[in-house]
Amino acid sequence: MKKLPIGIQTFKEIRDDNYIYIDKTKEALELIENYKYSFLSRPRRFGKSLFLDTLHNIFEGKKELFEGLYIYDKWDWNITYPVIKISWDGNLQTSNNLEKVAINSLNQNQERLGIKCEDTENLSMCFLELIQKSYEKYNQRVVILIDEYDRPILDTIDNIEQSQLNREFIKGMYSVMKGADAYIKFVFLTGVSKFSKASIFSGLNMLTDISLNPKYGNICGYTQKNIENEFLPYLDGVDLKKVKEWYNGYNFLKDDVYNPFDLLLFIDNDFKYKNYWFATGTPSFLIKLIEKNNYFLPKLSNLRVGEELLDSFDIDNINLEVILYQAGYLTIDKMVIDEDLDIIEYELKLPNREVKQSFNDYIIQILLKKTDYNIDKKKIIVALRKENLEDFKDAFIAIFSSIPYNNYTNNNILHYEGFYASVVYIYLQSLGLDIIGEDVTNKGRIDLTVKIDNLIYIIEFKMGKGNALGQIKSNNYAQKYLCEEKDIYLVGINFDEDERNISGFEWEKLK
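Residues numbered from 1 in each chain as written. Predicted model: local features only at pLDDT ≥ 70, side-chain atom pairs only at ≥ 80, totals over all residues. Heavy atoms only, no water.

**Quick look at the sheet that holds strand S3 (residues 142–146)**
The strands making up a sheet associate through hydrogen bonds between their backbones, and the pairing can be parallel or antiparallel. What counts here: Pairing between two strands requires that DSSP report at least two bridges joining them. Secondary structure elements are taken from DSSP: a helix is a run of H or I of four residues or more, a strand is a run of E of two residues or more, and numbering for both begins at the N terminus.
Spatial strand order, S2-S3-S4-S1-S5: 5 strands in an open sheet with parallel pairing. Of all strands in the sheet, those bounded by a partner on one side alone are strand S2 (83–86) and strand S5 (208–209). Strand direction decides the pairing type here: S3 and strand S4 (residues 184–191), joined by 5 bridges, are parallel. Its bridge partner lying in S4, Leu-145 is registered against Phe-188.

**Focus on the confidence of the model for the chain**
Quick reminder of the rule: Known as pLDDT, the predictor's confidence for each residue is given on a scale from 0 to 100. Two residues form a contact once any of their heavy atoms are found within 4.5 Å.
On average, residues of the chain carry a pLDDT of 91, and 95% of them reach 70 or more. Here residues 408–415 is modelled with pLDDT under 50, and outside its nearest four sequence neighbours on either side it reaches 16 contacts, counting other chains as well.

**Quick word on the sheet that holds strand S6 (residues 222–223)**
Spatially, S6-S8-S7 is the arrangement adopted by the 3 strands of the open sheet, whose pairing is antiparallel. Sheet topology places S6 and strand S7 (250–251) at the edges, where each strand pairs with a single neighbour. Two elements, S7 and strand S8 (residues 256–258), share 2 bridges in a ladder whose sense is antiparallel. If you follow Asn-251 over to S8, its bridge partner there is Asp-256.

**Overview of the packing of aromatic side chains**
Describing an aromatic ring pair means giving the distance of the ring centres and the angle of the ring planes. Threshold: Side-chain rings of Phe, Tyr and Trp (the six-membered ring for Trp) are treated as a pair once their centres are within 6.5 Å; stacked means planes under 30 degrees apart, edge-to-face means over 60, and tilted covers the remaining angles. Residue exposure (1.4 Å probe, protein chains only): buried if accessible area is under 20% of the type maximum, exposed if over 50%, otherwise partly exposed. We count a charge as sitting over a ring when the NZ of a lysine or the CZ of an arginine lies within 6 Å of the ring centre and within 35 degrees of the ring normal.
In total, this model carries 38 aromatic pairs according to the counting rule given. Between Phe-419 and Tyr-420, the aromatic rings sit 5.3 Å apart at their centres with planes inclined by 75°, giving edge-to-face as the arrangement. Of the residues examined, Phe-419 reaches a relative accessible area of 11% and is grouped as buried. Three or more aromatic residues joined by ring pairs form one cluster here, namely Phe-46, Tyr-250, Phe-252, Trp-277, Phe-278, Tyr-329, Phe-359 and Tyr-362. Over the ring of Trp-277 we find Arg-44; its NZ or CZ atom is 4.2 Å from the centre of that ring. Lying over the aromatic face of Phe-261, Arg-45 brings its terminal NZ or CZ to 4.6 Å of the ring centre.

**Points about the pairing of S3**
Within a regular beta strand, the side chains point alternately toward one face of the sheet and then the other, so they alternate between its two faces. Of all the 5 residues making up S3, 5 are buried; the element is thus mostly covered by neighbouring parts of the structure. Burial along S3 is two-sided: the residues Val-142, Ile-144 and Ile-146 and Val-143 and Leu-145 are all buried. When S2 meets S3, the two strands line up parallel, connected through 4 bridges. Bridge assignment links Lys-85 to a residue of S3, and that residue is Leu-145.

What follows is the structure, given as structure tokens:
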């Protein structure tokens, strides 16, 4: 069998050294034929750099590498183009370091293309000079490929002042492409986040974002079809349904896809179910946002956002939902078109069990200062499966009792019902359960609906002495689920701000 391309982003190495390659050259050809300036946003570790390098080899005419692939007999390999590739590998934490990384990238291109920039002081002018001289030397328009265009911003996102400085620096570099249009054949940028054109790409109004174009929905990642065909020999004896539950689920308006990094490491680690992708980058900045804004976490399991919310990311006004989506902790569940208002909205979800479990475990560790959470989780899942609501109650009483006192001091969190509800939510979500937060019915919103096996739990939270169970019954919240023919439990939970714990717990099994 062919080798697994773990961590390999070089197309030539994959093709020359007998690594498995999922053919993305159909999308590459369509991209080249349809756009001059284009941009793709995908979460980290999703294969963006490999796709960029594939384009690089196409434009340099490396025909022998593409034998057996879609593009092989559809591209004129006799015509080659000079390629400028900009990458931001290195320490970007200061303006001085950023300049050094830019100088290094430009120097690598000058050496490969056999061109010398006269203006080495002004890096934007050096970039422009590189474009013009490449065109003159090779008598062909230039291809520009920019990998992780937003890395200088995202690497410093927890230092807004430096992030803004880095933004202005790369904006100055990218802006020279507008004046060099006559010398340019094709421009393609990849990144994690999509910033507004005004903030980064001043003047590049012709830049087309293909990130949510269904035609390119599978441009990165592995589909279920790939798993059941190309990867099937590598998954002998594996429960494919469970693999899908753990690692599939990302959607960009075409098929659900796997993050390649997850699948390759799952196979390489003898089919151990672990958080391979999540472990490559901890979301500490996101946790700070959640904590700062007292964010109601159950919203994440039932979130609908407007098209404009996913359209751009602004470091001067950071939106939690936007950064969660663009970083890969949320993905698209489905697109909803409101024909009356003529607008597009997206329902978002946590993509799979890996993200559900790892993201919520991380929140438990950081926000609640808990390290023994697996013991708590075991008690909760057993109680739910055995329909033992008293054990469920006792488990959460113990959890709230163990939260350090200083978590409640110097803030208003103990008055905030959403905090207590969020604690219940993150534990249930970390178990990979089917959860709906703020579940809409025709009589109002259920705080939390939990589905496990053939059971449904409808949960309402109240701060103080309100009748939580009574609200579920008076609003007939259960009616929505009667047709599913499952046992339904109604659970009302009250919290006391002085005790900082559960003060009331009532439940009924629907007859």
